[in-house]
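An overview of the molecular structure
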Amino acid sequence: MPGARGNVTDHARELRDKIGRGDALIGVIGLGYVGLPLSLAFAARGVSVLGFEIDAEKCEILARGECYIPHIPAEVVQAEVAAGRFGATADFGRLDEPDAILICVPTPLTPQREPDLSFVATTAQRIRERLRPGQLVVLESTTYPGTTDELLRGILDESGLGCGVDYFLGFSPEREDPGNARFRTIDIPKVVGGVDAVAGELIAALYARAFGRTVTMTSARAAEATKLTENIFRAVNIALVNELKVIYDRMGIDIWEVLDAAETKPFGYMRFDPGPGWGGHCIPLDPFYLAWKAREFGTNTRFIELAGEVNRQMPAYVVDKTQRALNSAGKPVAGSRILILGVAYKKDVADLRESPAFEVIELLLELGAKIRVHDPHIQETVRMRSWPQIEPMRSEPLTEALLTACDAVVLVTNHTAVDYDFVAEHAALIVDTRGVYHKVRRPNVIPA
């Protein structure tokens, strides 16, 4: 009978054998910045992958061998589609086909800065409807410890199948860094953790098909905590250098000169650079997942919340510096034409998620500024979840006419493709949040 102890070994052994032979079909739910690179990494190593995506148009784009993520070459998609190793579908009724299902869906925050696991829950419900014995389910979406063996398992168990008996469950955090040419998906060690030892072994064997190294944790909770720790480390250190930037600016000390000097120490120091805030899907969100969960255990996360407070204040600091610079030039912000140079959340990518540029834009609009934007990687912005009131804006060509028509340029994202000497030559005023001009002082550049 299903769920009997004898079937546990049978299901696990059959799945382990499939994985070992390379015969296991992998299903990846969510073909975005995490799911698509992951799918292609497995496919490139001969593992068949079926991607699931709610946006049918994306499935059609991939079927044509094209790609909607700029840093992934279309020829990579084309090769795997042509070889029959990768396909995409919007039909979630096919979720019973894969032997392993990897969940790569968003885990945003609510407006109250609490975890929004609606995407995970909805995905789990869809899997539950088609769950069959012998399947492995792995959550990759960043979340608080306990999500996998509490929320996800609770929903999947409603199928009548037993976790660790009929199906297997665990967590493996995504570690994608879009635009990082040094570390590809497969170059980054894969942390894995099962809700039980058998699941942990199966997940490790699965990811070993594509990744050079796997790191097996004792539990899914430990794996969930690992990803949060990585991102909280970055969030706290970004907040530290942002706070130092504000302090040193008031002291008349160049933060970039200090950081360059500090970096010469060969031990005991790791460099982080300040900026206009924080962005991306991970750093501004993940720390608050742990802060929320910690309250369940009566624990305060003062360091985490303080880092969030500091980083969230940085766009206002940038706007204040812009307002002061314009005032010194005899111009109010109201009515001033301001060019936002770079709207992506990080250098050399086309990713707008949680970009501090939008907070800067919103604050400037509230002061009556007229905003124009240029980003070499983005043709047009979209309406953002966190700033729904900001209308989409087209990226204008970076010409002499554009620069001279603006009263100020706020350099938010330091893309490599921008000619910053050209900008400095023609812009009346530049508010530099990234230290682009720190080595060569220019009278029209204001550090921020």
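As shown above, the structure is provided for reference.
Report on the accompanying structure.

This next bit is on the overall build of the protein. Counting secondary structure elements, the protein contains 14 helices and 13 strands. Against the compact-globule benchmark of 22 Å for 448 residues, the protein has a radius of gyration of 24 Å, which places it among compact chains. Its C-alpha atoms give the protein principal-axis dimensions of roughly 80 × 50 × 45 Å. When burial is assessed residue by residue, the protein has 52% of its 448 residues classed as buried. Counting contacts in the protein only where the partners sit at least 6 residues apart, residues at least 24 apart contribute 70% of the total. Surface accessibility of the protein: about 19,800 Å² in total, with carbon and sulfur atoms responsible for 52%. Computed over 49 positive and 60 negative side-chain charges, the inter-centroid distance for the protein is 3 Å.

What follows covers empty space enclosed by the protein. The final tally for this structure, using the stated rule, is three cavities of 30 Å³ or more. Around the largest cavity sit Val-34, Leu-38, Glu-140, Glu-174, Arg-175, Glu-176, Thr-185, Ile-188, Pro-189, Lys-190 and Phe-211, which together line it. Here the residues of the lining of the largest cavity sort into five nonpolar, one polar and five charged. Reported here for the second largest cavity is a volume of approximately 40 Å³.

With respect to the secondary-structure elements, Ala-12 resides in helix H1 (residues 5-21). The spacing of Ala-12 and Val-165 is 153 residues in sequence and 8.5 Å in space, taken between C-alpha atoms. In contact with Ala-12, other than residues within four places in its own chain, are Phe-168, Val-198 and Leu-202.

What links the strands of a sheet is backbone hydrogen bonding, and the strands pair in either a parallel or an antiparallel sense. The strand order across the open sheet built from eight strands is S3-S2-S1-S4-S5-S6-S7-S8, with neighbouring strands paired in mixed fashion. Each end of this open sheet is capped by a strand with a single partner; those strands are strand S3 (86-89) and strand S8 (214-216). For this sheet, the mean angle separating the axes of adjacent strands, direction not counted, is 25°. Looking at chain direction, strand S1 (residues 26-29) and strand S4 (residues 100-103) are connected through four bridges and run parallel. Residue pairing in the sheet places Gly-27 in a bridge with Ile-101 of S4. Contacting S1, strand S2 (49-52), S3 and S4, helix H2 (residues 35-43) runs over the sheet at an angle of about 145° to S3.

With that settled, the discussion passes to the sheet that holds strand S11 (residues 408-411). With parallel pairing, the five strands of this open sheet are ordered in space as S10-S9-S11-S12-S13. Each edge of the open sheet is held by one strand with a lone partner, namely strand S10 (370-374) and strand S13 (445-447). Averaged over all pairs of adjacent strands, the angle between strand axes in this sheet comes to 25°, irrespective of strand direction. In the sheet, S11 pairs with strand S12 (residues 430-432) via three bridges, with the strands oriented parallel. Bridged to Val-409 within S12 is Ile-430. Along the sheet, helix H12 (residues 356-366) contacts strand S9 (337-341), S10 and S11; its crossing angle with S9, the most-contacted strand, is approximately 175°.

Reading the values: rules and limits
Residues numbered from 1 in each chain as written. Predicted model: local features only at pLDDT ≥ 70, side-chain atom pairs only at ≥ 80, totals over all residues. Heavy atoms only, no water. Helix = DSSP H or I, 4+ residues; strand = E, 2+ residues; numbered from the N terminus. Rg over C-alpha atoms; globule rule 2.2 N^0.38 Å. Buried < 20%, exposed > 50% of the residue type's maximum accessible area, 1.4 Å probe, protein only. Contact = heavy atoms within 4.5 Å. Areas by Shrake-Rupley, 256 points an atom, 1.4 Å probe, with all protein chains shown as cover. Lys, Arg positive; Asp, Glu negative; His and termini not counted. Charge placed at Lys NZ, Arg CZ, Asp CG, Glu CD. 1 Å grid on protein atoms, 1.4 Å probe; cavity = no way out; pocket = protein on both sides within 12 Å on 5 of 7 lines; lining within 4 Å. Points joined across faces, edges and corners; volume = space filled by probe spheres on them. Nonpolar A, V, L, I, M, F, W, Y, C, P; charged D, E, K, R; others polar. Pairing = 2+ DSSP bridges. Axes fitted to C-alpha atoms, helices over the stretch in contact; angles between N-to-C directions.

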